[in-house]
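# A look at the structure
Listed below, chain by chain, are the residues.
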Amino acid sequence: MGEAPYLTEHINRFGEYSTHELGIQPEAYDPKLDVDFTQLRDQDQAAAGFGQAA
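Parameters at a glance
Residues numbered from 1 in each chain as written. Predicted model: local features only at pLDDT ≥ 70, side-chain atom pairs only at ≥ 80, totals over all residues. Heavy atoms only, no water. Helix = DSSP H or I, 4+ residues; strand = E, 2+ residues; numbered from the N terminus. Areas by Shrake-Rupley, 256 points an atom, 1.4 Å probe, with all protein chains shown as cover. Polar contact = N/O pair within 3.5 Å; in protein donor to acceptor, adjacent residues only side chain to side chain. Patch = residues over 30% accessible without salt bridge, like charges linked within 9 Å, V, L, I, M, F, W, Y side chains within 5 Å. Salt bridge = Lys/Arg side-chain N within 4 Å of Asp/Glu carboxyl O. Buried < 20%, exposed > 50% of the residue type's maximum accessible area, 1.4 Å probe, protein only.

## Let's talk about the overall build of the chain
- If you tally the helices and strands in the chain, you get one helix and zero strands.
- For the chain, the exposed area adds up to about 6,200 Å²; of that, 55% sits on carbon and sulfur atoms.

## Here we look at the environment of aspartate 36
- Within the secondary structure, aspartate 36 is located in the segment before helix H1 (38–50).
- Among the polar contacts made by the side chain of aspartate 36, one reaches the side chain of threonine 38 at a distance of 2.8 Å.

## Examining a nonpolar patch on the surface
- On the surface, Leu33, Val35, Phe37 and Leu40 cluster together into a nonpolar patch covering about 390 Å² of accessible area.
- Secondary-structure assignment places leucine 33 in the segment before H1.
- A relative accessible area of 63% means that leucine 33 is categorised as exposed.

By themselves these figures say nothing about function.
Have a look at this one:
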């Protein structure tokens, strides 16, 4: 069997993966968005007025 055509000394071909995170439980998902949409709503209403006939 011959030599590999690439360097293999000091190289882990498949990488190193940390597994300590597998036991960590994520925080509960909170679907509530804490965003104030009033400014966007005001802009949409003002833009809608430009499309109407006088």
